[in-house]
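Residue-level structural notes
Below are the chains, spelled out letter by letter.
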Amino acid sequence: MNTLTDIGLENPIYPQFPVRASKVQTKLNYSFIIKKAWEGYDASKSIREIEDISAMVSTNHVFRITFHDDDIIIAKLSYFGKYENFKEDHRIIHALSNNLLYPFENLLAKSLLKNNRVYVYRHRQGKTDAWVVFYNPSRIDRSLPRRLEDHHIIKLGQQVGKFHKACSRVKNVLPKSSKTLRTDIAALQQQLETNERHFGSAMQVDFLKYHCDLFFKNRSNYNMKSFEIIPVFIDWNIGNFSVTDDLELYSRWDYDWFRMSYRILDFYFFSRVVSNAGDRTVFSYYINTMMEDRFILFLKEYHKVNPITADEIRFLKEAYRFFILNYVIKDGKHFFNEQYAKKLQAEAFEVYLPSVDRDFDAEKIIDALKLN
C-alpha cells in the first residue's frame, strides 16, 4: 500500500501535444498564494517545499506541501467558477467523508479543519481571485488495469452500487447545495444570449440553444421527482480511485466535478472505465461507451445491489447531454487547458451533441436489465 501524495490528479493522461498555460495561469504566483493560505491556517508550522503535482489537463492545480518537520499535506488551488460553490462543495464532501459508514468510512480524503469548519482560503489581489483548500494525503492500494476484464467489471458494478447506497443513507445530514442541473443549463442559456462570440458562429450558438431547450423539454418526459439526489463525483477516471486486492473500493480523490445530483450522472464515466477501448492517453467523450455490452454487464451487477428504474436509464441520454453542455461547452475553456478545451469543444459540435438522439438506445439497456 502506498501513500498518495498526488491527490487531485486525474488518471495519468498527459497530452501528446505541448501544454501551454493560459493567460490567467501565468499571472498567478502559486507558491505565494499557498504560503499565504497556510499562514492563515497555522503560521507556527513552516513550509520547506511546495511541489506542483497537477496532471496538467485541467486549470486546477494540486500541490504537495512538505514542512520542515517532514509532515506532508496536499493543497488544491482553483480560480475557476465561484468561490461560494468551491467552499460549498468542499464542506459537503467533508461532511460526507465523516458520515460514511463501513466499509467506506475512509474512502474520501479528509479536508483540514479550523474552528470545526473546512478551512478555505480566498486570495483576492487586483484581478486575481483564487481559493485554496488543504487535504490530508490519502492512501492508495491498487489501480485497476487500463482495460478491465469481466471479473473487474462485475466487482466494480457491485461496489459502485454499494457506494451509492451508502451515499443515499447519509444524504439527509449533508449541507444543502445550491447547484442543480437546471441552474447550470439556465446559466449557459444566459451566456448564449449575452456573449454569443464566446461560443462560435451564429449557427453554432443556435445549435447549442437547441440542445439546451431539448434538455429542458425532455426532462418532463421522466418521473424526475422519483430520482433521488445524492453526492456524485462524476469524473470516475481509473486514475481517480484505488481498490483492494479483492477489488473493493479503497480510496477516491479528485473532486473537481463533485455535486449533489442524480446517481445517473456518475454512470457515463463508468461506461468509459469499463469500455472495450479502456483507459486512453488522449481522450474524447463519445456516447457509444454506454451502448457496449461491457457497460450493460456493469449495470446488471449494479442493479442487483442497488436497483435502477427504466426512467433512470432513459435519462442517461440527458445526463450525457448535460455533461457535454455544462462541462465541455459552458466551462470547458475555463477548466481544461487550452489545447484540450479546443479539441473537446470542436468534437462537441461535430460528434458529441449530434450523437445524443441518434446513437443512444435506452431500450436496449432496459431490455437487458429486464426493467419492462
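What counts as what
- Residues numbered from 1 in each chain as written.
- Predicted model: local features only at pLDDT ≥ 70, side-chain atom pairs only at ≥ 80, totals over all residues.
- Heavy atoms only, no water.
- Axes fitted to C-alpha atoms, helices over the stretch in contact; angles between N-to-C directions.
- Helix = DSSP H or I, 4+ residues; strand = E, 2+ residues; numbered from the N terminus.
- Parallel < 35°, antiparallel > 145°, perpendicular 65-115°, else oblique.
- Left-handed = near helix turned anticlockwise from the far one by under 90°.
- Contact = heavy atoms within 4.5 Å.
- Buried < 20%, exposed > 50% of the residue type's maximum accessible area, 1.4 Å probe, protein only.
- Core = buried A, V, L, I, M, F, W, Y, C linked by side-chain atoms within 4.5 Å.
- Nonpolar A, V, L, I, M, F, W, Y, C, P; charged D, E, K, R; others polar.
- Phe/Tyr/Trp six-rings, centres within 6.5 Å; stacked < 30°, edge-to-face > 60°.
- Lys NZ or Arg CZ within 6 Å of the ring centre and 35° of its normal.
- Pairing = 2+ DSSP bridges.

Across the interface, helix α5 (residues 181–194) lies against helix α9 (residues 310–330) with an axial gap of 10 Å and an inter-helix angle of 50°. Looking at the two axes, α5 sits oblique to α9. For the crossing formed where α5 meets α9, the hand is left-handed. Along its contact with α5, which presents Leu-181, Asp-184, Ile-185, Ala-187, Leu-188 and Gln-191, the element α9 presents Phe-315, Phe-322, Leu-325, Asn-326, Ile-329 and Lys-330.

In this structure, Thr-244 sits in the loop between β11 (241–243) and β12 (249–252). For Thr-244, a relative accessible area of 17% gives the class buried.

Looking at soluble globular proteins, one finds that nonpolar side chains tend to be buried together. Grouped together as the largest cluster of nonpolar side chains are 106 residues, with contacts concentrated most on Leu-156, Tyr-285 and Phe-315. For this core, the element with the most residues is α9, which contributes 13 residues. Within the second largest apolar cluster, 21 residues are counted, among which are Ile-47, Ile-73, Leu-77 and Val-132.

Our next topic: the packing of α9 against helix α11 (residues 338–359). Between α9 and α11, whose axes approach to 10 Å, the crossing angle comes to 165°. Here α9 lies roughly antiparallel to α11, going by the angle between them. Crossing hand, α9 versus α11: left-handed. Across the interface between the two elements, Lys-317, Tyr-320, Arg-321, Ile-324, Leu-325, Val-328 and Ile-329 of α9 pack against Leu-344, Gln-345, Ala-348, Phe-349, Tyr-352, Leu-353, Ser-355, Val-356 and Asp-357 of α11. For the contact of α9 with α11, the per-class residue count stands at 11 nonpolar, two polar and three charged.

For the structure shown, the criterion picks out 50 aromatic pairs. Between Tyr-135 and Tyr-255, the aromatic rings sit 5.8 Å apart at their centres with planes inclined by 75°, giving edge-to-face as the arrangement. Placement of the pair is Tyr-135 in strand β8 (residues 128–135) and Tyr-255 in the loop between β12 and β13 (259–262), with a sequence separation of 120 residues. Neither residue differs from the other here; Tyr-135 and Tyr-255 are each classed as buried. Aromatic side chains Trp-257 and Phe-323 sit 5.4 Å apart centroid to centroid with 70° between the ring planes, which places their arrangement in the edge-to-face category. Of this pair, Trp-257 sits in the loop between β12 and β13 while Phe-323 sits in helix α9, placing them 66 residues apart in sequence. Accessibility assignment for this pair places Trp-257 and Phe-323 in one class, buried. Across from the ring centre of Phe-67, 5.0 Å away, lies the NZ or CZ of Lys-45, which sits over that ring. In this structure, Arg-252 packs its charged tip against the face of Trp-236, placed 4.4 Å from the ring centre.

Turning our attention to the sheet that holds strand β3 (residues 61–67). With antiparallel pairing, the five strands of this open sheet are ordered in space as β2-β3-β4-β8-β7. Bordering the open sheet on either side are β2 (47–52) and β7 (120–125), each of which pairs with just one other strand. Sheet twist, expressed as the average angle between the axes of neighbouring strands with direction ignored, equals 25°. Bridging between β3 and strand β4 (residues 72–78) involves six bridges; their strand directions are antiparallel. Bridging across to β4, Val-62 finds its partner in Lys-76. On the sheet, helix α2 (residues 30–42) packs against β2, β3, β4, β7 and β8 and is oriented at approximately 60° with respect to β8. Where helix α3 (residues 83–99) meets the sheet, its contacts fall on β4, β7 and β8, and the angle it forms with β8 comes to roughly 10°.

In short, shape yes, function no, at least from these values alone.
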